[in-house]
Amino acid sequence: MGLLTIGAFARAARLSPKALRLYDELGLVTPARVDPVSGYRLYAPAQLEQARLVAWLRRLGMPLNRIQRVCALEPGEAAREIRAFWAQVEADTAARRDLASLLIDHLSRKDPAMSVATEPLGIRYAALSDKGLVRENNQDTAYAGSRLLAVADGYGSAGAPASAAAVDALKRLDTGDLPAGGLLDVLEDAVEQAKQAVDGVAGPGTAHEGAGTTLTAMLWTGSQLALVHIGDSRVYLLRDGELFQITHDHTMVQTMVDEGRLTAEEAASHPQRALLVRGLGQGADATHDMRLHDARPKDRYLLCSDGLSAVARIEEIQRVLSEVGDPERAVRELIALANGSGGPDNVSCVVADIVEPEQALTSGS
């Protein structure tokens with residue numbers, strides 16, 4: 001078969017002539033020959049596979065600069081790159097889905113026709129932080145109050161004041177009425193104030209430039225817990241005997257797991273498993289996850305730094321949460337569990353139980 005005109009080639013490749021001219025300019029699909037007199041582009045049939053690949057990748061929504069990289073790779077590497085791209089699309093979609101659900105719920109509660117009156121529940125809570133068995137100082141901050149639950153894990157030379165500053169910025173939510181405005185705005189403002197507080201401790205011009213902190217916090221409304229999450233501290237939910245991790249680690253290795261570049265088993269022992277891709281600190285990506293959780297009586301929430309989750313087996317964490325009824329005793333046993341596994345890092349835990357209002361007696365903070 002001879003060379004194909006741009007029109008014939010476009011039909012065969014399921015691309016428009018306009019798209020082919022653009023891909024020629026970008027070096028993605030270069031014509032086999034350009035007529036020196038007419039300037040017509042002519043294509044070889046063997047180029048159809050490359051052109052169709054470009055068309056499929058565009059249908060996936062892949063940006064042109066990334067398509068250029070994929071097309072330059074061997075098939076196996078190209079497949080891995082496409083898998084990584086799609087994993088990121090799914091992660092972004094999940095984040096948008098969470099935000100959409102939050103907005104729908106938030107607006108539904110403002111609509112009298114859709115709002116359902118519910119009896120407020122109560123909360124019992126306890127918080128504890130420990131420096132562990134190896135570190136000289138404790139850079140974690142843990143806090144539990146009648147409305148606010150929070151864990152922050154500082155890093156760098158000013159990790160301790162950075163984590164404390166982030167949590168302190170949120171403590172205003174724990175007293176009195178919540179600020180005027182919707183819950184979404186309240187949370188966004190709180191995160192921004194936490195970011196500014198951390199920058200004040202570890203930002204440009206300070207002696208501790210480059211330090212920062214994770215921040216994982218939940219705001220109790222009486223029937224829901226609103227979650228804000230940045231970094232690799234975690235929230236677990238124990239419900240009906242099952243334990244669920246409801247946060248997603250913002251680490252380099254978790255990103256590689258999401259993209260299919262690492263298995264979960266490989267990630268657990270990866271030398272860069274603690275490398276954050278998001279955090280609060282100068283130059284850090286402070287993009288936060290945010291969602292609402294409807295509370296049920298007998299739910300138990302655990303907020304913890306990676307000083308627990310990175311060293312203790314999930315089965316042991318579940319056992320303590322299931323068997324130890326008192327939140328204050330539960331946090332002590334979780335700290336002991338981390339230290340019993342070597343205690344290589346600071347460890348902080350907050351345990352909160354959702355209870356009927358008459359049972360809502362705090363057990364410490």
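Predicted model, so just to flag it, every value in this text is computed and none were measured.

Draft legend 1. Representation of the pattern of salt bridges. Applying the stated criterion across every chain, the model contains 20 salt bridges. Its salt-bridge partner being Arg 41, residue Asp 24 comes within 2.9 Å of it at the nearest N-O pair. Of this pair, Asp 24 sits in helix 2 (residues 17-25) while Arg 41 sits in strand 3 (residues 41-43), placing them 17 residues apart in sequence. On the basis of relative accessible area, Arg 41 is assigned to the partly exposed category, the value being 21%. Residue Asp 289 is joined to Arg 278 by a salt bridge in which the shortest nitrogen-to-oxygen separation is 3.3 Å. Here Asp 289, found in strand 13 (residues 289-294), pairs with Arg 278, found in the loop between helix 9 (264-268) and strand 12 (280-281); they are 11 residues apart in sequence, far enough to count as distant. Residue classification places Asp 289 among the buried positions, given a relative accessible area of 13%. Linked by salt bridges that have partners in common, Arg 313, Glu 315, Glu 316, Arg 319 and Glu 323 make up one network.

Draft legend 2. Structural detail: the side chain of Asp 24. The buried category is assigned to Asp 24, whose relative accessible area is 19%. At a separation of 2.9 Å, a polar atom in the side chain of Asp 24 contacts the side chain of Arg 41. Discounting chain neighbours no more than four positions away, the residues touching Asp 24 are Val 29, Thr 30, Pro 31 and Arg 41.

Draft legend 3. Here's a closer look at the pairing of strand 6 (residues 148-155). Across the eight residues of strand 6, seven count as buried, placing the element largely inside the fold. For strand 5 (residues 140-144) and strand 6, the ladder comprises five bridges, and the chain directions are antiparallel. The partner of Ala 144 across the bridge, within strand 6, is Leu 149. The turn linking strand 5 back onto strand 6 is made up of three residues. Relative to strand 8 (residues 215-220), strand 6 runs antiparallel, the two sharing four bridges. Within strand 8, the residue paired with Val 151 across the bridge is Thr 216. As paired strands, strand 6 and strand 7 (residues 212-213) are joined by two bridges and run antiparallel to one another. Looking at strand 7, one finds that Tyr 155 is bridged to Gly 212.

Draft legend 4. Here's a closer look at the packing of helix 1 (residues 6-13) against helix 2. In the contact formed by helix 1 and helix 2, the axes pass within 9 Å of each other and the chain directions differ by 95 degrees. Classified by the interaxial angle, the pair formed by helix 1 and helix 2 is roughly perpendicular. Taken together, the residues of helix 2 that come into contact with helix 1 (itself represented by Ile 6, Phe 9 and Ala 10) are Pro 17, Leu 20 and Arg 21. Split by residue class, the contact of helix 1 with helix 2 holds five nonpolar, no polar and one charged.

Draft legend 5. Layout of the nonpolar core. If you look at the biggest cluster of nonpolar residues, it comprises 26 residues, and the most contacted ones within it are Leu 170, Leu 187, Ala 194, Leu 215 and Leu 280. For this core, the secondary-structure elements that each account for two or more residues are strand 6, helix 6 (159-170), helix 7 (183-202), strand 8, strand 9 (224-230) and strand 13. Per-element accounting of this core gives the leading share, seven residues, to helix 7. Among residues more than four places away in sequence, those in contact with Leu 280 are Tyr 155, Ala 166, Ala 194, Lys 195, Val 198, Gly 212, Thr 213, Leu 215, Ile 230 and Ala 286. Within the second largest apolar cluster, 23 residues are counted, among which are Ala 19, Tyr 43, Ala 78 and Phe 85.

Draft legend 6. Geometry of helix 11 (residues 314-323). Every buried residue of helix 11 is accounted for by Ile 317, Val 320 and Leu 321. Each buried residue of helix 11 lies within a common arc of 95 degrees when the element is viewed along its axis, so the set occupies one face. Packed against the buried residues of helix 11 are strand 10 (234-239), strand 11 (242-245), strand 14 (300-304), helix 10 (306-309), helix 12 (327-340) and strand 15 (347-355).

Cut-offs and rules
Each chain carries its own residue numbering, running from 1 in the written order of its sequence. Restriction of local features to residues with pLDDT of at least 70 applies here, the model being predicted, together with a cutoff of 80 or more for giving and counting side-chain atom pairs; totals for whole chains, interfaces and linings are based on all residues. Note that the side-chain values use all heavy atoms of the structure and ignore hydrogens as well as water. Should a side-chain nitrogen of Lys or Arg be within 4 Å of a carboxyl oxygen of Asp or Glu, the pair is scored as a salt bridge. Numbered from the N terminus, helices here are DSSP runs of H or I no shorter than four residues, and strands are runs of E no shorter than two. Residue exposure (1.4 Å probe, protein chains only): buried if accessible area is under 20% of the type maximum, exposed if over 50%, otherwise partly exposed. Contacts described as polar in this section are N or O atom pairs within 3.5 Å, which, within protein, must combine one atom able to donate a hydrogen with one able to accept it, while residues neighboring in sequence count only if both atoms come from side chains. The criterion used for residue contact is that any of the two residues' heavy atoms lie within 4.5 Å. Two strands qualify as a pair provided that DSSP identifies no fewer than 2 bridges between them. Angular values range over 0 to 180 degrees, each being the angle between N-to-C directions of two axes fitted as lines to C-alpha atoms, with helices fitted over their stretch in contact. Should an angle fall under 35 degrees it is taken as roughly parallel, and over 145 as roughly antiparallel, whereas 65 to 115 is taken as roughly perpendicular and any remaining angle as oblique. Under the scheme applied here, ten amino acids are nonpolar (Ala, Val, Leu, Ile, Met, Phe, Trp, Tyr, Cys and Pro), four are charged (Asp, Glu, Lys and Arg), and all others, including Gly, are polar. Put simply, buried Ala, Val, Leu, Ile, Met, Phe, Trp, Tyr and Cys residues joined by side-chain atoms within 4.5 Å make one nonpolar core. Directions are taken from the helix axis to each C-beta atom, and the arc is the one they span.

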